[in-house]
Amino acid sequence: MSTRRLAYFGLGGAAVLALLSAAPAAAHVTVQPGEAPKGGYAKLAFRVPDEFETAGTIKLEVTFPLDTPLASVRTKPMAGWTAQIVKQKLATPIKTDDGEVTEAVRTVVWTAQPGVRIGPGEFNEFEVSGGPLPDNTDRLLLPATQTYDDGTVVNWDAPPPAAGAAEPEHPAPVLKLVEGTGAAGAGAAPTGTTSAQPANQPSGTVVSATAKDDTARWLGGAGLAVGALGVGLAGGAMLANRRRSAMPSSGRTGPAEPDE
């Protein structure tokens, strides 16, 4: 083999290694969305991909912190899966708008029923609604344990790396907490209310969808009536013209009679 061919092979091998090293990391267990407002309630979904080619996921356990506890967590029903919420006594009770809370949610465990799993190349989402979210921290670390049907257990529990450090192999799901503006937001319209504010309306005047609909119907009916009247008038005019054309005119001049 020539030196030139060896050089080509060497460059090709280096390119393959570079592509492999640049390949994206395997999918992780994450929480969606990635952020939620402090002090409020939020719907969260734990997105679980199956990373194995021959094994399926049959169990997921998510751990909630006790130093920033959640007093209430509810699970969304999933076909083929059962959910169990485990609570734990708090060393120091927390005060909420509903009173003092002496225990908080520690873990939520989803278990697949026989014949059900997240198969290779698939993912699923496990949803909860919980709160109130703490207002004295900027994030919630929510470690997860994923169990496969071949007995493999993967712990997604590594905390986020320091700035500039490499991502851990099994990072824990992290929920970022941000300053919120309330459940509906400042100035939000009540749920189920449909209204519009035309540009030419005085400030404070609200035109409801029902009023606009009634006006549109009235205008539409008036337009149909005017159209029908126009058709009737046009028809009458055409009939009159035909009758006048059929009648002999009194001033009509006939052919001149021959001279005798």
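What you are looking at is a predicted structure, and each value in this text was computed from that prediction instead of being measured.

Peer 1: Looking at this structure, I do not really get the overall build of the protein chain. What am I missing?
Peer 2: In terms of helices and strands, the protein chain carries two helices and 14 strands. Expressed as a percentage of the 260 residues in the protein chain, the buried residues total 23%. Long-range contacts, defined here as pairs at least 24 residues apart, represent 68% of the contacts in the protein chain between residues at least 6 apart. Counting every atom, the protein chain has about 17,900 Å² of accessible surface; 56% of that belongs to carbon and sulfur.

Peer 1: Explanation requested: unusual backbone geometry in the structure shown.
Peer 2: Both trends apply: most residues other than glycine have a negative phi, and most peptide bonds are in trans. Backbone torsion omega between Gln-32 and Pro-33 reads -10°, so that peptide bond is classified as cis. Relative to the helices and strands, Pro-33 is located in the loop between β1 (30-32) and β2 (35-37). Here Gly-131 and Pro-132 are connected by a cis peptide whose omega angle stands at -10°. In this structure, Pro-132 sits in the loop between β8 (123-131) and β9 (139-141).

Peer 1: What should I look at first to understand the layout of surface pockets in this one?
Peer 2: Using a probe with the size of a water molecule, rolled over the atoms, empty space left in the structure can be pinpointed. What the largest pocket holds in volume is close to 440 Å³. Along the walls of the largest pocket sit 18 residues, with Ile-94, Lys-95, Thr-96, Pro-132 and Leu-133 positioned nearest its centre. Take the lining of the largest pocket: its biggest share by element is three residues, from strand β6 (residues 81-96). Of the residues contributing to the lining of the largest pocket, the split by class is eight nonpolar, five polar and five charged.

Peer 1: Before we go on, may I ask you to explain the confidence of the model for the protein chain in this structure?
Peer 2: A low pLDDT means the predicted coordinates there should not be read in detail. Confidence in the prediction for the protein chain averages 74 pLDDT; 59% of positions are at 70 or higher. A low-confidence stretch, residues 6-25 (pLDDT under 50), is modelled with three contacts involving residues beyond four sequence positions or located in other chains. Contacts for the low-pLDDT stretch residues 182-216, under 50 throughout, to residues beyond four places or in other chains number 14 contacts.

Peer 1: When you look at the side chain of Thr-68 in this model, what are you seeing that I'm missing?
Peer 2: Along the chain, the position of Thr-68 falls in the loop between β4 (57-63) and β5 (72-75). Taking relative accessible area as the criterion, Thr-68 reaches 12% and is therefore assigned buried. When near neighbours in sequence (up to four residues on either side) are disregarded, Thr-68 contacts Pro-134, Asn-136, Thr-137 and Leu-140.

Peer 1: Can you help me understand the nonpolar core in this one?
Peer 2: Grouped burial of nonpolar side chains is what soluble globular proteins tend to show. Counting residues in each nonpolar core, the largest one holds 31 residues, and the members touching the most others are Phe-46, Phe-64, Trp-110 and Leu-175. In this structure, Phe-64 is in contact with Phe-46, Leu-70, Val-73, Val-105, Arg-106, Val-108 and Leu-142, ignoring residues within four places of it in sequence.

Peer 1: Help me understand the packing of aromatic side chains, please; the structure alone is not making it clear to me.
Peer 2: How two aromatic rings sit relative to each other is given by the distance of their centres and the angle of their planes. Applying the stated criterion to the full structure yields five aromatic pairs. Ring centres of Phe-52 and Tyr-148 lie 4.2 Å apart, and the angle between their planes is 10°; on these two criteria the pair is classed as stacked. With Phe-52 in the loop between β3 (42-49) and β4 and Tyr-148 in strand β10 (residues 144-148), this pair connects stretches of sequence that are 96 residues apart. By relative accessible area, which is 1% here, Tyr-148 ends up buried. Ring centres of Trp-110 and Phe-126 lie 5.3 Å apart, and the angle between their planes is 50°; this geometry places the pair in the tilted category. Taken together, the positions of Trp-110 in strand β7 (residues 99-112) and Phe-126 in strand β8 put the pair 16 residues apart, joining distant regions of the chain. Accessibility assignment for this pair places Trp-110 and Phe-126 in one class, buried. Here the aromatic residues Phe-46, Phe-64, Trp-81, Trp-110 and Phe-126 are joined through ring pairs into a cluster of three or more.

Peer 1: Sorry, what's going on with the sheet that holds β2 here?
Peer 2: Pairing between the strands of a sheet is mediated by backbone hydrogen bonds and can be parallel or antiparallel. If you walk across this open sheet you meet the three strands as β2-β12-β9, and the pairing is mixed. Here the strands that pair on one side only, and so sit at the sheet edges, are β2 and β9. Each adjacent strand pair in this sheet contributes to an overall mean axis angle of 30°, direction not counted. For β9 and strand β12 (residues 174-178), the ladder comprises three bridges, and the chain directions are antiparallel. Paired with Leu-140 across the strands is Leu-175, a residue of β12.

Peer 1: What is the right way to read the sheet that holds β1 from this model?
Peer 2: Read across the sheet, four strands follow the order β1-β3-β8-β5 without closing on themselves; strand pairing throughout is antiparallel. Pairing within the sheet leaves two strands with one partner each, and these edge strands are β1 and β5. Each strand axis lies, on average, 30° off the axis of its neighbour in the sheet, ignoring direction. Where β5 lies against β8, four bridges are found, and the strand directions are antiparallel. The partner of Arg-74 across the bridge, within β8, is Ser-129.

Calculation criteria
Residues numbered from 1 in each chain as written. Predicted model: local features only at pLDDT ≥ 70, side-chain atom pairs only at ≥ 80, totals over all residues. Heavy atoms only, no water. Helix = DSSP H or I, 4+ residues; strand = E, 2+ residues; numbered from the N terminus. Buried < 20%, exposed > 50% of the residue type's maximum accessible area, 1.4 Å probe, protein only. Contact = heavy atoms within 4.5 Å. Areas by Shrake-Rupley, 256 points an atom, 1.4 Å probe, with all protein chains shown as cover. 1 Å grid on protein atoms, 1.4 Å probe; cavity = no way out; pocket = protein on both sides within 12 Å on 5 of 7 lines; lining within 4 Å. Points joined across faces, edges and corners; volume = space filled by probe spheres on them. Nonpolar A, V, L, I, M, F, W, Y, C, P; charged D, E, K, R; others polar. pLDDT = per-residue confidence, 0-100. Core = buried A, V, L, I, M, F, W, Y, C linked by side-chain atoms within 4.5 Å. Phe/Tyr/Trp six-rings, centres within 6.5 Å; stacked < 30°, edge-to-face > 60°. Pairing = 2+ DSSP bridges. Axes fitted to C-alpha atoms, helices over the stretch in contact; angles between N-to-C directions.

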